[in-house]
Amino acid sequence: MAMADTIRPTAAAVLETRGPARPRNMGQIIRWLILFAGGVLMVMPIAYMISTSLKWPHEVYDVNLIPKEPTLENYTYVLEDGRFYLWFLNSIIIATITTASNLLFDSLVGYTLCKFRFPGRMIVFIAILSTLMIPTEMLVIPWYLMSQSFGWLDSYWGIMFPGLMTAFGTFLMKQFFESVPDDFIEAARIDGLNELQIWWTVAMPLVKPALAALAIFVFLGNWTAFLWPLIVTNSVEMYTIPVGLSGFGDEADVAWELIMTGAAISTIPTLVIFLIFQRFIIRGVVMAGLKG
Amino acid sequence: MADLTLKALSKSYGETKVLHGIDLDVADGEFIVFVGPSGCGKSTTLRMIAGLEEVSGGEISIDGRVVNHLEPKDRDIAMVFQNYAIYPHMSVKKNIAFGLRSSNMSKPDKEARIAEVAGILDMTDLLERKPSQLSGGQRQRVAIGRAMVRDPAVFLFDEPLSNLDAQLRTQMRLEIKKLHQRVGNTIIFVTHDQVEAMTMADRIVIMKDGHIQQIGTPDEVYHRPDTTFVGQFIGAPSMNMLAAELTDGVLKIEGGTEIKLAHEATGKVLLGVRPDDLRAGAEPVLIEGQVMLREPLGPDTLIYLETPAGEVIARASGRHPPQLGDVVSLGADEDCLHLFDATSGVRLP
């Protein structure tokens, strides 16, 4: 056959005919430069945080990134200070419970708003969304008055209650549940599952990427929350890490090296959370690509 | 297995009425196909039977029990969806087992039932796979398996083959028919494809605009359509409709010939003739036209003729079809002629 007789050029021959590699075009170089600059901007604060945590107090205000006399003294000090462990534990408890609560309630409400038709559905949805427009600074006073009247001041419940469910999470989950075909829900209904079982068994596994993203957002948001925990807590024992760290130092001076050390240690759980959940996000993207 | 009855079943969305009181009796073990164009109400009817849509009026009975207000799970039905609706996060086995979740069967019985269904559907080797590792036809078999495993009184199929390619569709069509012969459950199958309807059904329900146009066996709806719509919807290519006038037993075709018919009706009528029944040179001659287009199909060739009455389609020999530009006289046996009222489109008795 003619096709079989055709001699296919070898890879080497193809390379030869192509000649020397073309110089990279300017557009690509500019894109890389912008990406590099963006990367440096992202990494610099973290690098500076770690650098400062390795410096002696007298060197803190030097802008050099590499400490002249690196020391682990700050880590020893912070880790030997019993309060840090307490704040760390407080932050872990608060961020974990709040994250779990958001995953549960945001997805429940999001699912209900997405998959059920009932009078006033849009009004409820818009009412929830409208709370996104109110800045936290405006909410802290009513939150405080509420905490005071319920006796929640200086307690875990007081720190956690405003964030146990969020409008953003509800919106995010509602949008993701839109991508779950109604056929799945109806098939499960015919197979005899009740609505709660359908939500848990059928719908939730299909929105794992959204749940992972929500978990990361909520955990980080609560881990780094400062204003509300500062206002609602009075005793040092109830402080979270950001509030506790801000108290390092005295009225005359702020101990930046200790704050940075505490901050560096406190990034570890956030990295762990990200590493746990990011694979769900990536898998979600891959699954979406394969859907036939 | 069970029989199914629809009595004056209607459905409205607000002011819009989409189903206008339909009546149907389905016998135990019958294979019924609902067919019609988009928006005719066939899927809505199926969803109402399944309990996924509220009933606006009328009654649905399964095995003598009115199920209007029963939850889908309590109706003893199973449904296969157009998009399969098999859960992507579960293996084939779990998908099939899902249908047994609310069953009281013991675990060994469930395992045996799953194995039996997998065997019937030739999926034993696929049980541990995820849906993303299956072809379209295999996914559809999983969806059927999930429906089968519960041995429901009535199977509902909502256009289950429309996402498959032509070859697979033909294969699955055959498989579903064989399956019905084997398990014998009552099946309600919705499709917009008249070939599917003709090849699979014991009886076909042809719907249009929320009304049933005709209920009958494939032979009945093909050879004796009740309306012009049925005549044109069933069969490919469509039935030719020629305007004519019937006076004292003589049919005068507009732009065509006059033929004698043993028919008492008078007035304007539509003469329906299937392209398969029109033959060049046959008696009595109905109309004459020039071949404008040919579609060779192998054994046959479809010829499109320009006639004084408009375009007429006929089926000619595949080996020696008329040439383009030829003038051909077309005739048909008298019992292949269908007369419809020109205004209502209803078949004349």
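A quick note: this is a predicted structure, and the numbers were derived from the prediction, not measured.

Criteria and cut-off values
Residues numbered from 1 in each chain as written. Chains lettered and ligands numbered in written order. Predicted model: local features only at pLDDT ≥ 70, side-chain atom pairs only at ≥ 80, totals over all residues. Heavy atoms only, no water. Helix = DSSP H or I, 4+ residues; strand = E, 2+ residues; numbered from the N terminus. Buried < 20%, exposed > 50% of the residue type's maximum accessible area, 1.4 Å probe, protein only. Contact = heavy atoms within 4.5 Å. Patch = residues over 30% accessible without salt bridge, like charges linked within 9 Å, V, L, I, M, F, W, Y side chains within 5 Å. Areas by Shrake-Rupley, 256 points an atom, 1.4 Å probe, with all protein chains shown as cover. Salt bridge = Lys/Arg side-chain N within 4 Å of Asp/Glu carboxyl O. Lys, Arg positive; Asp, Glu negative; His and termini not counted. Charge placed at Lys NZ, Arg CZ, Asp CG, Glu CD. Buried area = accessible area lost by both parts, 1.4 Å probe. Polar contact = N/O pair within 3.5 Å; in protein donor to acceptor, adjacent residues only side chain to side chain. Nonpolar A, V, L, I, M, F, W, Y, C, P; charged D, E, K, R; others polar. pLDDT = per-residue confidence, 0-100.

S.K.: Looking at this model, I keep getting lost on the overall build of chain A. Mind explaining?
M.R.: Scanning chain A from N- to C-terminus turns up 15 helices and zero strands. For chain A, with 292 residues in total, the buried portion stands at 39%. For chain A, the proportion of contacts with a sequence separation of at least 24, taken over those separated by at least 6, is 69%.

S.K.: So what exactly am I meant to see when it comes to the environment of B:Thr186 here?
M.R.: All names here are of chain B. Relative to the elements of secondary structure, threonine 186 occurs in strand 8 (residues 186-191). When its relative accessible area of 0% is taken as the criterion, threonine 186 is described as buried. Measuring from C-alpha to C-alpha, the distance between threonine 186 and glycine 137 comes to 22 Å, with 49 residues separating the pair along the chain. Ignoring sequence-local partners within four residues, the contact set of threonine 186 consists of Ala2, Val26, Ala27, Asp28, Gly29, Glu30, Ala153, Val154 and Phe155.

S.K.: Hey, could you run me through a negative patch on the surface in this one?
M.R.: The grouping of B:Asp3, B:Asp23, B:Asp25, B:Asp28, B:Asp63, B:Asp76 and B:Asp151 at the surface amounts to a negative patch. Residue placement: B:Asp76 occurs in the loop between strand 5 (65-66) and strand 6 (77-80).

S.K.: Any chance you could explain the pattern of salt bridges here in plain terms?
M.R.: Working definition: two side chains of opposite charge can pair if their charged atoms are close together. What the rule picks out here adds up to 21 salt bridges over all chains. For A:Asp62, the salt bridge goes to A:Lys68, with nearest N and O atoms at 3.5 Å. We note a salt bridge from B:Glu116 to B:Arg113, for which the minimum N-O separation is 3.2 Å. Of the two residues, B:Glu116 and B:Arg113 are both situated in helix 3 (residues 107-120); the distance of three residues between them amounts to about one turn of the helix. Overlapping salt bridges, with partners in common, bring together A:Glu186, B:Lys11, B:Arg47 and B:Glu53 in one network.

S.K.: How should the interface of chain A and chain B be read in this particular structure?
M.R.: Interfaces are frequently sized by the accessible area removed from exposure as the parts join. Between chain A and chain B, the contact holds 16 residues from the first and 23 residues from the second. Across the interface of chain A and chain B, roughly 1,700 Å² is buried in total on both sides, 63% from carbon and sulfur atoms. Summed over the three residues of chain A that lose the most area to chain B, namely A:Asp183, A:Ile190 and A:Asp191, the buried surface amounts to 37% of that side. On inspection of chain A and its partner chain B, the count reaches three salt bridges. For the pair chain A and chain B, the number of links is six residue pairs in polar contact (both at pLDDT 80 or more). Of the residues forming the side of chain A that touches chain B, the biggest block, seven residues, is contributed by helix 10 (residues 182-190) of chain A. Classifying every residue of the side of chain A that touches chain B gives eight nonpolar, four polar and four charged.

S.K.: What is the right way to read the side chain of B:His180 from this model?
M.R.: Looking at the element boundaries, B:His180 is found in helix 5 (residues 166-183). Engagement of the side chain of B:His180 in a polar contact is seen with the backbone oxygen of B:Gly29, the distance being 2.9 Å.

S.K.: How should I be thinking about a nonpolar patch on the surface in this particular structure?
M.R.: A cluster of nonpolar side chains, namely A:Leu132, A:Met133, A:Ile134, A:Met138, A:Phe168 and A:Phe217, defines an oily patch on the protein surface of about 620 Å² accessible area. Looking at the element boundaries, A:Phe217 is found in helix 12 (residues 208-223).

S.K.: So what exactly am I meant to see when it comes to the confidence of the model for chain A here?
M.R.: Any residue range with low pLDDT should be treated as having predicted coordinates unsuitable for detailed reading. All names here are of chain A. When the pLDDT values of chain A are averaged, the result is 85; 86% of them are 70 or greater. Mean pLDDT in chain A bottoms out at helix 1 (residues 2-5), which sits at 39, and peaks at helix 8 (residues 156-160), which reaches 95. Note on residues 1-9: pLDDT is under 50 here. Beyond four places in sequence and across chains, it has one contact. Scored below 50 in pLDDT, residues 11-16 shows one contact in the model against residues more than four places distant or in partner chains.

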